[in-house]
Amino acid sequence: MNRQSEDCVIEIEEGIKVIPGAGAVIAGIDKIANWGRISSMWPAVFGTACCAIEMMTAGSSHYDLDRFGIIFRASPRQADVMIISGTVTKKMAPVMRRVYDQMAEPRYVIAMGSCACTGNVYNTYSTAQGCDNFLPVDVYIPGCPPRPEAFIDGLIKLQEKIKNEHLRWSRWR
Amino acid sequence: MIESVISSVGINGFAGSMIALLVKIAIVFGVVMLHVAYATYFERKVIGHIQLRLGPMTVGPHGILQPIADGIKSFFKEDIIPAGADKTVFKIAPVIPVFSALGCLAVVPFFDGFVLANINIGLLYIFAMSSLSAYGIVMAGWSSNSKYSFLGGLRSTAQVISYEVALGLSLVGVMIMSESLNLTQIVEAQQKYWHGMFIIPQFLGAFVFMIAAFAETNRAPFDLPEAESELVAGFFVEYSGMRFALFYMAEYIGMLVMSAISVLCFVGGWTLPPFVLEAFPSLAAVPGIVWFMLKIYFHVFVYYWIRSTLPRFRYDHLMCLGWKVLIPLALLNIVITALVKYFC
Amino acid sequence: MPEQKGKLRKKELTINMGPQHPATHGVLRLELDIDGETVVKCTPHVGYLHRGTEKLGENRTYLAALPLTDRLDYISSMANNVGYCLAVERLFGIEAPERAKFIRTMASEMARISSHLLWLGTHALDIGAMTVFLYAFKEREWILDLFEMLTGARLTVTYPRIGGVRNDVSEEFLSSLYKFTDEFPKNIEEYETLIDQNRIWLQRTKNIGIITAEEAVNWGLTGPMLRGSGVDYDLRKYCPYDAYDKVDFDVPLGKNGDTYDRYRCRMEEMRQSARIIRQCIEKLPEGPVMTPDAPKFTLPPKERILKDMEAMIQHFVLVIKGPVTAPDGEIYSAIEAPKGELGFYFISNGTGKPYRMRLRSPSFIHASVLPLLCEGALVADVIANIGTIDIVLGECDR
Amino acid sequence: MGLRKIINKVLMLEILKGMALTFKALFRRPVTRQYPKYKREPFGGFRGLHALTRRPDGDATCVGCGLCAAICPSKCIKVRTTTGPDHKKIVKQYEVEVLRCLYCGLCVEACPYKAVVLTDIYEYSGFTREEFLMTKDKLLANWDRFAESRKKSYFARFWRPLLSDFKGSAEQAALKDLSKAQRHKDIYIEAGR
Amino acid sequence: MTPKMFFIYFAVAMTFMSVMVITRRNPVHSALWMIGLFFHIAAMYLFLNAEFLAAVQIILYAGAIMVLFLFVIMMLNIREEVVAERFIGEWPIGVALGIAIMSMIIYAISKLEPGPSGEYTIEAVQKITHTKAIGSILYTQYIFPFEIASLVLLIAVVGAIVLAKKR
Amino acid sequence: MVPLSWYIGLSAVLFGIGVIGFLVRRNVLIMLMSIELMLNSVNVSLIAFSHYLQDLRGQVLVFFIITVAAAEAAIGLAILVSLVRNKSAALHTDEITEMKG
Amino acid sequence: MNSKEAAEKIREMFPEEVREIREYNSQTSVIVKRDRIKDIIRYLHSDPLLNFDLLKDLCGVDYSGKKETRFEVVYHLYSLEYRSLLRIRAEVPEDDCSIDSVVDIFAGANWPERECYDLLGVVFKGHPDLRRILLPEDWEGHPLRKDYPLQSDLGEKEWKGYLDVIELAKKNMEFETK
């Protein structure tokens, strides 16, 4: 895949190595970028089973994910977080990986529910034992399915993780 | 106002007028960008409350910083050009709708005397510009090398071509009544009537215009090109990061422009109806821009209101509505207006 | 260039809808060959959620396989549980006490409402009415709260047991549920104000996806899909289980078998469900909720385990090996789940585990009818058709 | 088509009605529960995080019979026991792989000693898979966390079936006469040591 | 001087764009260059004080005709079709012919003798606005051709629908 | 002031390019576009004449030319669409052989 | 006509096909040979006195080691008019694992037959589109057979597509950490 690097940000990154005392600038930009990211995490929904229903419920009036600036995007290109909610079968795994590959950096993965985390009770021939076999999972949310509150708690955990990140603001891939 | 300030500093002639123009452009651009940012916020809040939720709450007090966070995130997001895409076209595409929407603003008078270019063919110019935004959509849909965006582009093209006609015809009545294509003169012409707004004699035209404007800006219930449940995200399905944000921006500027035209042509722009002014003379002290903004925001609110209420049209019903209902209605409106004008 | 001519333009464009697509209700994948906007050929692909439940069920005891049924039709897991327990009870030849039957009836009607509400919401969202979706979820949240109050879980309830239900209902729950049935019909009217007579909704649903009665029977459709076509077939009425023969309700029927009729059927069913729940609460008899006279199949009361040696042995055997005295036989037992007829076919060979556990899932059959509905329709109708058949892939793929 | 229908069609009354409904909704009170600010307690008996109860002397109640592991549909409980010096069973290892659990509560039902319970804690997402492998100590700590945070009894109605459920209707009618507080007495057990 | 500079820019750009239009392999690219060309033409009309026609040029050519082209290109899905040969085999003949015509006209320019001037001077047109001027002449002197033009359009629309309709 | 002959020269060049495009391209679509190009070049010269001669008749003619161009584009594209519909491939002039006996 | 009578009727019509009529819990099942299964089903479907017009379910059972014929295909037929349920069990031997398809009688049998083929490997002759349905096209083995392992880790039999994904993920993760 062809990725362009014409954004001014990468110039700063390269140039900044020679400018002394730029650490503060980087840290500042880091803070701003991370703030933007945690404040508008747009998930790519990958609802496969029961947990998807609870994820939808979390977006509904009673829980309202929009409060956190979260809008569900159907296209993985415009999404930041991939929420895997539900059982991952082996037949599904290639599709899931492809969707993940379509996402733009920085991207995060939340495994929601026991099925996505480990495969749950379905230790069977057709089920992948957890999506972390082929995806870098950032946050695990246990539960079968987790309550919407637990799901939001997982999102807040992810926000904490993003807050402490450094130098993830370029198109370096 | 701005001119006098500049001439008082000592810059006169061509340079002075150029600087004044630049300052005006900067003001309009800034205000519009702010509007775009907060239109998204406003939309989320309005739709949220209609759906008995709250909308953005956590980013800043009552989520007031939400649009800024969205912008920053998009800015720092990786920009993907899909393999197999037509790179140049793919890159140019998002710029065109923004360009065309901003271009429209050049002739929009915000209040008496504040207009970037007071040209005689203002309305025609706006048609010309707004018809261009279709290219961005077509190019995006075509160059992304994705079937969903391709379908979205195709739908959008057909939709824009058909509704352009209705949009143009619906305003002909206004042109006949005001005998001008200049937007400032159209506003002034409305002041000659007791009602002070053309929406009353031109209710048919206004109705057709509203519907055509919804279709022209691809807003619900005519959001077929980006119908989420059918085409995932329509023509910009492959766009990410800043380029995607540009499409978003263009949509909201487009809404602003359409509301502005509607306000100018049908609701009397920055003026108040004479009978209202007679009843409350003190209202004349309020600057016109306030009324203009209030009217525009009411229109924008209607956009959101309708979006949250109505289901989506189907492609062929949309075409039927455009060709079989709106265009005949607009033509009827023209005939009636012309007859009334001729005989009265 | 004669050889190039062949590979020039194919008239049809093939698009892949799903498995990750907002309108395919999970992981259904449709391969659509479209010519312009018209669908020429529609090939559904399922199996993206095939988890091997049937095979897994053969490897678990009857009691331990119960939670698996929760995750079939995860929107109305209570109905699945009830169907499973009913089938196993029929296999063992035992019966639940009267009170448990009423509670089960009540709970499965709650599941029907929650399932239909989710269907309404997603169907409306697919067609573009996003507010209906959120309003429907608002009521659904109430139902889920009630489920939580009753069972301790929101979706995957695991509440009925072989020979009854796990625990008794509380007064608090009953009064809250009663209040719900009071207010719910008003809310249905609210949704109907938004879409029922709306011309766009009518255009999008009327004469879309027509199935005639003969076709519907021939394709083996059940539930609202069959009743929407005007075939009067409802297991609750004609093959009553639990307490359905003691309550009074109507079975709504459609006429044309189009999307709109099925929509009307389901809306009316929700009203009837509320009615059934009311009657259940009013008629709820006193008595135990677990059958006391089937010690070989049901767990003994907890207080007795440590005091009574016999109960303890029974408890251990049931937990570790399952009901080993299960008779040698086979049973097909079906219930009217919200989606249609949910059948369980058990073959027992006298061990504590079923020899074969087969699930007859309505969604699987309903998904197979998609090509019939979609071919010749427009792309937008495909969305409406997916919505109207109301499938859940967990049940479809098992 | 009657006149009324024509008027309906031309004036789009049904659409206007819908719009009136949504407009009214704009001024209704939102139903949102603002989760991190305001936390709603789950209803009694919610099946959340696992815990091992403590005996009055502080040790785990569990005797290591392994019934929970036997009935668990997903086989996520591991129990290993050894024999102590006085021929007493010692639970050497008690592990729950929380991420594999399906929260059916069958283990609670199977346990004769009320040793393993599902508390109503639900906020415990994490970053790695390892932190969800609950050892015996962690499970006991969970119980402490629950006991501390709740300050109220564990809701035990779900340790089913209870004896009262097997009573005949006459007995149950008698039970109903008891006051509500008394009725709930036997189904709460004291949290804490 | 400035008008000449502008003219030279427009002339060069327009020539370049039209060459691009006829040489691109991909019809979509051709169409996009064409749109650029139309914009330049419209700008040139503005220079010639024909603002109404400039707007019509953009609305009609750029806004309608080229969108129609693009629509047809996309509808027929010509994307995959990149055929090896762009030009016909006898292309030198065509180029020669084109250049011959071009040089003929350019030769004729030198013989050009402008006729008598009309009454619509720039000032007069600006005073009553271009729209009004062209309207008044169109609806009085040329009303009959105007009606014929509308008939032509009507027939074209009907014909197009009949031709493109699916059987 | 730009002399009139410059405009006419430009118009001639555009017209020539249009002719070349029409003659040498195989793709029907681009041939149609070449026709549009020719019509436009004529428009340019007409407007230039109209401007310099201070007469609006030229511009009226431009009006009619635009009308004709629109009609021509609609018909041409419709023919193209029906050709493609009925045959699997007919975007190249060589392949359009419907009229052949 | 209730199911018991219907079973007797089948015995009358196809005396050499019916092997046994069983009853358990008031449900009747007829065990038949597979050769004329289509005729039997058609007879049940079209005879106005029987009128079994709804095919509720079609599934396969693996009786590995329990019976001499290994597989059985089970049809659950229901008559909407008489409201009776009849179970037809057709025996399918392991060495020639095939049976006639009934898709042209019951359109709804299409997918269940595909599923049966997918999970048990019973070939339905005359089926219009007999492909795997639940598992990927290139999956090996038939999972519902009793000799197929339940576990997730299939070892050598693992589906290639899944292995590829894991491989790709490993490669990408290395690339990403650089």
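Each value, and the rule that gives it
- Residues numbered from 1 in each chain as written.
- Chains lettered and ligands numbered in written order.
- Predicted model: local features only at pLDDT ≥ 70, side-chain atom pairs only at ≥ 80, totals over all residues.
- Heavy atoms only, no water.
- Helix = DSSP H or I, 4+ residues; strand = E, 2+ residues; numbered from the N terminus.
- Buried < 20%, exposed > 50% of the residue type's maximum accessible area, 1.4 Å probe, protein only.
- Contact = heavy atoms within 4.5 Å.
- Buried area = accessible area lost by both parts, 1.4 Å probe.
- Salt bridge = Lys/Arg side-chain N within 4 Å of Asp/Glu carboxyl O.
- Polar contact = N/O pair within 3.5 Å; in protein donor to acceptor, adjacent residues only side chain to side chain.
- Pairing = 2+ DSSP bridges.
- Axes fitted to C-alpha atoms, helices over the stretch in contact; angles between N-to-C directions.
- Core = buried A, V, L, I, M, F, W, Y, C linked by side-chain atoms within 4.5 Å.
- Patch = residues over 30% accessible without salt bridge, like charges linked within 9 Å, V, L, I, M, F, W, Y side chains within 5 Å.
- Areas by Shrake-Rupley, 256 points an atom, 1.4 Å probe, with all protein chains shown as cover.
- Nonpolar A, V, L, I, M, F, W, Y, C, P; charged D, E, K, R; others polar.
- Phe/Tyr/Trp six-rings, centres within 6.5 Å; stacked < 30°, edge-to-face > 60°.
- Expected span 1.5 Å × (residues − 1).
- pLDDT = per-residue confidence, 0-100.
- Parallel < 35°, antiparallel > 145°, perpendicular 65-115°, else oblique.
- Left-handed = near helix turned anticlockwise from the far one by under 90°.

Participant: Which residues make up the overall build of chain D, and what values go with them?
Facilitator: A tally of helices and strands in chain D yields 7 helices and 7 strands. Secondary structure elements of chain D, listed N to C terminal, follow the sequence α-α-β-α-β-β-α-β-β-α-β-α-α-β. Taken over 193 residues, chain D has a buried fraction of 49%. Considering only intrachain contacts with a sequence separation of at least 6, the fraction spanning at least 24 residues in chain D is 72%.

Participant: Explain the interface of chain B and chain A residue by residue, including any values.
Facilitator: Taken together, the 39 residues of chain B in the interface contact 41 residues of chain A. Three residues, K73, F76 and E78 of chain B, lead the burial of chain B against chain A; their summed loss comes to 22% of the area buried on that side. Inspection of the chain B/chain A interface yields 5 salt bridges. Put simply, R53 of chain B and D64 of chain A hold a salt bridge, and the shortest N to O gap is 2.8 Å. If you look at where chain B meets chain A, you find 16 residue pairs in polar contact (both at pLDDT 80 or more).

Participant: Explain the sheet that holds strand β5 (residues 84-92) of chain G to me, using residue names and the numbers behind them.
Facilitator: All names here are of chain G. Spatially, 5 strands are ordered β1-β2-β5-β4-β3 in an open sheet, and the strand pairing comes out mixed. The two strands at the open ends of the sheet, each matched to only one other strand, are β1 (18-24) and β3 (54-62). Direction aside, neighbouring strands of the sheet carry axes that sit 20° apart on average. Looking at chain direction, strand β4 (residues 71-79) and β5 are connected through 9 bridges and run antiparallel. Across the sheet, L77 pairs through a bridge with L86, a residue of β5.

Participant: An account of the nonpolar core is requested, with residue identities and associated values reported.
Facilitator: Counting residues in hydrophobic clusters, the biggest one holds 457 residues, and the most contacted among them are F134 of chain A together with Y75 of chain G. The dominant element in this core, judged by the number of residues it contributes, is helix α3 (residues 51-76) of chain E, at 18 residues. With 25 residues, the next largest nonpolar core counts L65, I110 and A150 of chain A together with Y35 of chain D among its residues.

Participant: How would you sum up a nonpolar patch on the surface? Please name residues and give values.
Facilitator: All names here are of chain D. Together, L3, I6, I7, V10, L11, L13 and L16 give the surface a local cluster of nonpolar side chains, amounting to about 640 Å² of exposed area. Of all elements in the fold, only α1 (3-11) and α2 (13-26) reach the threshold of two or more residues within the nonpolar patch. Of the residues forming the nonpolar patch, the biggest block, 5 residues, is contributed by α1.

Participant: Hey, could you go over the interface of chain E and chain F for me, with residue numbers and the actual values?
Facilitator: Contact residues are listed per partner, giving 87 residues for chain E and 69 residues for chain F. Contact with chain F buries surface across chain E, with I22, L48 and F69 of chain E losing the most and accounting together for 10% of the total. At the junction of chain E with chain F, the criterion picks out 0 salt bridges. The interface formed by chain E and chain F includes 4 residue pairs in polar contact (both at pLDDT 80 or more). Contributing elements (two or more residues each) for the side of chain E that touches chain F: α1 (2-23), α2 (27-47), α3, α4 (91-110), α6 (130-140) and α7 (143-164) of chain E. When residues in the side of chain E that touches chain F are grouped by element, the largest group, 14 residues, is from α3 of chain E. Classifying every residue of the side of chain E that touches chain F gives 64 nonpolar, 14 polar and 9 charged.

Participant: Break down the packing of aromatic side chains for me, with residues and values.
Facilitator: Residue and element names in this part refer to chain C. In the structure shown here, the tally under the stated rule is 51 aromatic pairs over all chains. Note on W119 and Y263: the rings are 6.4 Å apart at their centroids and 40° apart in plane angle, and the pair reads as tilted. Highlighted residues: W119 in helix α5 (residues 98-127) and Y263 in helix α12 (residues 259-283), separated in sequence by 144 residues. Pair check on accessibility: W119 and Y263 agree, each one buried. Note on W142 and F180: the rings are 5.1 Å apart at their centroids and 85° apart in plane angle, and the pair reads as edge-to-face. Of this pair, W142 sits in helix α6 (residues 130-151) while F180 sits in helix α7 (residues 171-195), placing them 38 residues apart in sequence. Overall, the relative accessible area of 21% leaves W142 in the partly exposed class. Taken together through their ring pairs, the aromatic side chains of Y62, Y84, F92, F344 and F346 make up a single cluster.

Participant: Which residues make up α1 of chain E, and what are the values?
Facilitator: Helix length check: α1 of chain E, at 22 residues, gives a terminal C-alpha distance of 32 Å against a target of 32 Å (1.5 Å per residue), a fit within 8%. Of the surrounding elements, those touching the buried residues of α1 of chain E are α2 of chain E together with α1 (4-24) and α2 (28-53) of chain F.

Participant: Residue-level account of the arrangement of the chains, with values.
Facilitator: Most contacts, when the 12 pairs of chains in contact are compared, are made between chains E and F. With no contact between them, chain D and chain E keep their nearest C-alpha atoms 30 Å apart. What separates chain F from chain G at the closest point of their C-alpha atoms is a distance of 28 Å, and the two make no contact.

Participant: I'd like to hear about the confidence of the model for chain F, residue by residue, with values.
Facilitator: Residue and element names in this part refer to chain F. For chain F, per-residue confidence averages 80 on the pLDDT scale, and residues scoring 70 or more make up 84% of the total. Within chain F, no element has a lower average pLDDT than helix α3 (residues 57-86), which sits at 83, and none a higher one than α2, at 86. Per the prediction output, this complex has pTM 0.86; the corresponding ipTM is 0.83.

Participant: Give me the lowdown on the packing of helix α9 (residues 203-216) of chain B against helix α13 (residues 288-309) of chain B, citing residues and values where you can.
Facilitator: Residue and element names in this part refer to chain B. It is at 12 Å that the axes of α9 and α13 come closest, and there the two elements cross at 70°. In terms of their interaxial angle, α9 and α13 are classed as roughly perpendicular. The hand of the α9/α13 crossing is right-handed. Along its contact with α9, which presents M210, A213 and F214, the element α13 presents H299, V302, Y303 and I306.

Participant: Which residues make up the pattern of salt bridges, and what values go with them?
Facilitator: Under the counting rule described, the total for this entry stands at 82 salt bridges over all chains. For the salt bridge of E43 of chain B with R307 of chain B, the shortest nitrogen-to-oxygen distance reads 2.3 Å. Separated by 264 residues along the polypeptide, E43 of chain B in helix α2 (residues 13-50) and R307 of chain B in helix α13 bring together distant segments of the chain. According to the relative accessible area criterion, E43 of chain B is buried, its value standing at 4%. Assessed through its relative accessible area of 25%, R307 of chain B is described here as partly exposed. Each member of the salt-bridge network shares a partner with another, and the members are E54, R147 and E149 of chain A, E141, D145, E148 and R154 of chain C together with R33 and R40 of chain D.

Participant: So, the pairing of β4 of chain G: which residues are in play, and what are the values?
Facilitator: Note on strand geometry: in a regular strand, side chains alternate between the two faces of the sheet. Residues and elements named next belong to chain G. Most of β4 is tucked away: 9 of the 9 residues are buried. Of the two faces of β4, the one holding F71, V73, Y75, L77 and S79 and the one holding E72, V74, H76 and Y78 are both buried throughout. When β3 meets β4, the two strands line up antiparallel, connected through 8 bridges. Bridging across to β4, G60 finds its partner in V73. The turn joining β4 and β5, which pair antiparallel and follow one another in sequence, is formed by 4 residues; a positive phi near 55° is taken by R83.

Participant: Please give an account of unusual backbone geometry that cites residues and values.
Facilitator: That bond from C144 of chain A to P145 of chain A is cis: its omega, -15°, falls within 30 degrees of zero. Summarising the element assignment, P145 of chain A is placed in the loop between β5 (139-141) and α6 (148-163). With a phi close to 55°, E179 of chain B is a non-glycine residue in the positive phi region. Looking at the secondary structure, you find E179 of chain B in the loop between α7 (147-178) and α8 (183-190). Residue E179 of chain B is classed as exposed on the basis of its relative accessible area, which comes to 57%. Of note, the phi angle at N51 of chain G is positive, near 55°, even though the residue is not glycine. Here N51 of chain G is to be found in the loop between α2 (37-46) and β3.

Participant: So what about the packing of helix α6 (residues 122-143) of chain B against helix α11 (residues 241-266) of chain B? Which residues, and what values?
Facilitator: Residues and elements named next belong to chain B. It is the contact of α6 with α11, at a shortest axis distance of 12 Å, that shows an interaxial angle of 160°. Classed by the angle they form, the pair α6 and α11 counts as roughly antiparallel. Remark: the crossing between α6 and α11 carries left-handed chirality. Along its contact with α6, which presents L123, I126, S130, G136 and A140, the element α11 presents F247, M258, I261 and C265. Split by residue class, the contact of α6 with α11 holds 7 nonpolar, 2 polar and no charged.

Participant: How would you sum up the environment of R67 of chain A? Please name residues and give values.
Facilitator: Tracing the backbone through its elements, the reader meets R67 of chain A in the loop between α3 (50-59) and β3 (81-85). With 28 residues separating them in the primary sequence, R67 of chain A and S39 of chain A have C-alpha atoms 9.7 Å apart. Look past the residues within four positions of R67 of chain A in its chain and what remains in contact with it is I152 of chain A, L54, G55, P56, M57 and T58 of chain B together with T32, R33, Q34, Y35 and P36 of chain D. At 2.8 Å, the side chain of R67 of chain A forms a polar contact with the backbone oxygen of Y63 of chain A.

Participant: Which residues make up the side chain of T181 of chain C, and what values go with them?
Facilitator: Residue placement: T181 of chain C occurs in helix α7. In this structure T181 of chain C touches A274, I277 and R278 of chain C, once residues within four positions along its chain are discounted.

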